[in-house]
Amino acid sequence: MSTDQIEDLDTLVRRAAARWGERTAWTFDTRGEQLTFRQVEAGVAQLAGRLAGLGIGRGDRVAVLLRNRPEFPLTWLALARLGAAMVPVNTNYRRHDAGHLLADSGACLLVTEPEFLDLADALLSAVPTLEQVLDVDSPAPGAEPVAGAVAAVPEDLANIQYTSGTTGRPKGCLLPHRYWTVLAESMVSEFPRLCEDDVMLTAQPFHYIDPQWNVAAALLSGAHLVVLDRFHPATFWERVRAHGVTYFYCLGLMPGLLLRMPPHPLDRHHRVRAVQASAIPGQLHRQLEERWGVPWYEAFGMTETGADLRVREDGHDAAVGTGCVGRPTARRDVRIVGPDDRPVPRGEQGEIALRGAGLMDGYLGRPEATAEAFRGGWFHTGDLGRMDELGNVYHLGRTKDMIRRSGENISATEVEEVLQLHPAVHTAAVVAVPDELRGEEVKAYLVGDPVEPEELAAHCLEQMAYFKVPRYWEFREALPLTASERVAKGELLAADNLLAGSYDRVEKVWR
């Protein structure tokens, strides 16, 4: 069976078991557990039987609140076998935010583990649709395995995956089976061309989308997938070396955190052939490659759209440090549009818009938001970019991350990059705050070593125009993060007084 004939997750599981049965499919590093491809299929059948015994079937929505353990992907694939959809729940959520996801999705069952049973009991009483809780560590007497799949079609719902919510409350993205198979197929037939000789690694929580597409891509390619409990900068490369990893994907703050670890004599002693990453800090890109001796390839994708744009081998050298996110995958079209949704000339800035096979089916219960996002038949990403004459796309920040100060447009991403060039700054987040005189002013939230705001301002003035330099400065021990390791700016902007505790560089006072 060729990869282009695989259009549902259960076919992916059964094909992998038949083709690579006794080979290792998954290794859960911290737990010391390994499953062969045949054991994955058996585990899916067993869990599908247990879920069916609880009345779960086609069209049901089931929430999953688990750490990085085999039962998470097994539950996802078992639900796919039954024609049900998974609703992943962030393990950091509590009654309010977890309750929103369960109520919004209409989840009827919560699959969890002992650590979260108290929360599960609270959710049972708070969420009207939630009827049952399944503890995966409890005995499962009399569950008959479900070996055959419900006749899934590519349009069937596989996930309700909630967006990270960097600027607002999370929305449920309706992801069909085709979303996953198209994404996985692109990883096998196109760069990085994953195959059965590869060892992949994922270090993010399974409630986020990346470990899930890693599972799908590994099942399609026959690659061995190594799963860490979470991202540990100090030991990350040690685990890469220990498992003979050949490929991994990372994003957000991860590259910068890795570079902050002390150099190691074995930094270049590994088998990694390619690293894909999203939002590689431009000023760090070359350092990453020089330190570990492996090319890092920028990639662009979203929860709503899957895998969209990527740099390939032939474009790598010219792309390093430029913000280039490459060209579209085979089943994706891209264009840069202006405020009128018409394409802008090559080289000009606009919004990145996408279309093609394997996108989400919309936002759950939000027809107006869905229509707005897909207006004109193109998905509007909310990301700014430009396209060069060769068709390469360059990412320029988020549309909602633009600050309008005295008629000047300021990219929050650009200011953040400059701030992070200062050795005392570990993490920076830049936002707009209302200002009566200028419309908006620039505020920076910083995590790092002790440093005077005026020193940082002087650093900025050496690197960029005066009007881009933050007026307000706030220092914190940590910043709120989304599941995708990006700063949750919505949480920062939700404060009653955005200036409290900030240094005002104009008035030269702490507010």
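Here the structure is shown first, and the text comes after it.
For the structure given in this document, a descriptive report is provided here. Computed from a predicted structure; not experimentally measured.

### What about the pattern of salt bridges?
This model, assessed by the stated rule, comprises 35 salt bridges. Measuring nitrogen to oxygen at the nearest pair gives 2.9 Å for the salt bridge that ties Arg 273 to Asp 198. Here Arg 273 is found in the loop between helix 9 (254-259) and strand 12 (274-278), whereas its partner Asp 198 is found in the loop between helix 6 (177-189) and strand 9 (199-202), with 75 residues between them in sequence. Taking relative accessible area as the criterion, Asp 198 reaches 4% and is therefore assigned buried. With its nearest N and O atoms 3.2 Å apart, the salt bridge here joins Arg 405 to Glu 441. Highlighted residues: Arg 405 in strand 20 (residues 402-405) and Glu 441 in strand 23 (residues 439-448), separated in sequence by 36 residues. Comparing Arg 405 with Glu 441 shows no difference in burial state: the two are buried. One salt-bridge network, in which partners are shared between bridges, spans Asp 435, Arg 471, Asp 504, Glu 507 and Arg 511.

### Some remarks on helix 6
With 13 residues, helix 6 ought to run about 18 Å at 1.5 Å a step, and its terminal C-alpha atoms sit 18 Å apart, in line with that. Counted residue by residue, helix 6 has 11 buried out of 13 residues, so it is predominantly covered.

### Remarks on the pairing of strand 4 (residues 85-88)
Burial along strand 4 is two-sided: Ala 85 and Val 87 facing one way and Met 86 and Pro 88 facing the other are all buried. In this fold, strand 3 (residues 61-64) hands off to helix 3 (residues 71-82), which returns the chain to strand 4; that crossover is right-handed.

### Remarks on the sheet that holds strand 22 (residues 425-435)
Taken in spatial order, the five strands line up as 22-23-24-25-26 in an open sheet, and their pairing is mixed. The two strands at the open ends of the sheet, each matched to only one other strand, are strand 22 and strand 26 (509-510). Sheet topology note: the strand 23/strand 24 (residues 472-475) ladder contains four bridges and is parallel. From the neighbouring strand, Ala 444 faces strand 24, where its bridge partner is Trp 473. Each of strand 22, strand 23 and strand 24 is contacted by helix 13 (residues 412-419), which is oriented at about 145 degrees to strand 22, the strand it contacts most. Docked against the sheet, helix 14 (residues 453-463) engages strand 22, strand 23, strand 24, strand 25 (503-504) and strand 26, running at close to 125 degrees with respect to strand 24.

### Looking at the packing of helix 3 against helix 7 (residues 209-221)
At a minimum axis distance of 11 Å, the contact between helix 3 and helix 7 shows a crossing angle of 70 degrees. Taken together, the axes of helix 3 and helix 7 lie roughly perpendicular to each other. Here helix 3 contributes Pro 73, Trp 76 and Leu 77 to the contact with helix 7, which in turn contributes Gln 212, Val 215 and Leu 219.

### Concerning the side chain of Ser 105
Examined against the element boundaries, Ser 105 turns out to sit in helix 4 (residues 95-105). Given the relative accessible area of 1%, Ser 105 is considered buried. Non-local contacts of Ser 105, meaning those with residues more than four positions away in its chain, are made with Arg 61, Val 87, Ile 160, Tyr 162 and Leu 364.

### Section: the environment of Met 200
If you trace the backbone, Met 200 turns up in strand 9. We classify Met 200 as buried; its relative accessible area is 0%. Distance in space between the C-alpha atoms of Met 200 and Ala 274 is 10 Å, their sequence separation being 74 residues. Look past the residues within four positions of Met 200 in its chain and what remains in contact with it is Leu 194, Asn 214, Ala 217, Ala 218, Ala 223, His 224, Leu 225, Val 226, Val 245 and Tyr 247.

### Structural notes on the pairing of strand 7 (residues 157-162)
Extensive coverage of strand 7 is indicated by the burial of five of its six residues. Pairing geometry for strand 7 and strand 8 (residues 172-176), over five bridges, is antiparallel. Counted as the bridge partner of Gln 161 is Cys 173 from strand 8.

### Overview of the nonpolar core
Judged by nonpolar contacts, the single largest core of 103 residues is most densely connected at Trp 26, Phe 236, Phe 248 and Trp 296. Residue contacts for Trp 26: discarding those within four places in its chain leaves Glu 33, Gln 34, Leu 35, Val 40, Pro 70, Pro 73, Leu 74, Leu 77, Val 215, His 224 and Leu 225. Membership of the second largest hydrophobic core comes to 22 residues, among which are Ile 403, Ala 412, Ala 444 and Met 464.

### Concerning the environment of Gly 439
Of note, Gly 439 is situated in strand 23. Relative accessible area serves as the criterion here: at 42%, Gly 439 is assigned to the partly exposed category. Sequence-wise, Gly 439 and Ala 318 are 121 residues apart; in three dimensions their C-alpha atoms are separated by 38 Å. Excluding its chain neighbours within four sequence positions, the residues that come into contact with Gly 439 are Arg 404, Val 433 and Pro 434.

Basis of the calculations
What you see as residue numbers is a count from 1 along each chain, following the sequence as written. The predicted origin of the model limits local features to residues at a pLDDT of at least 70 and limits the giving and counting of side-chain atom pairs to 80 or more, whereas totals for whole chains, interfaces and linings rest on all residues. Computation of side-chain values covers all heavy atoms of the structure but excludes hydrogens and water. Within this document, salt bridges are pairs made up of a side-chain nitrogen of Lys or Arg and a carboxyl oxygen of Asp or Glu, the two lying within 4 Å of each other. Secondary structure counts use DSSP, requiring at least four H or I residues in a row for a helix and at least two E residues in a row for a strand, with both numbered from the N terminus. The buried label applies to any residue whose accessible area, calculated with a 1.4 Å probe on protein chains only, is under 20% of its type's maximum; exposed applies above 50%, and partly exposed to all values in between. Helices are assigned an expected span. That span is 1.5 Å times one less than the residue count. Orienting the strands away from the viewer, one traces the path from the first strand over the helix to the second; a clockwise path indicates a right-handed crossover. At least two DSSP bridges between two strands are required for those strands to pair. Contacts are assigned to residue pairs that have any heavy atoms within 4.5 Å of one another. Axes here refer to lines fitted to C-alpha atoms; in helices the fit is confined to the stretch in contact. Angles between the N-to-C directions go from 0 to 180 degrees. What sets the label is the angle itself: under 35 degrees gives roughly parallel, over 145 gives roughly antiparallel, 65 to 115 gives roughly perpendicular, and the rest give oblique. Note on terminology: a nonpolar core comprises buried Ala, Val, Leu, Ile, Met, Phe, Trp, Tyr and Cys residues joined through side-chain atoms within 4.5 Å.

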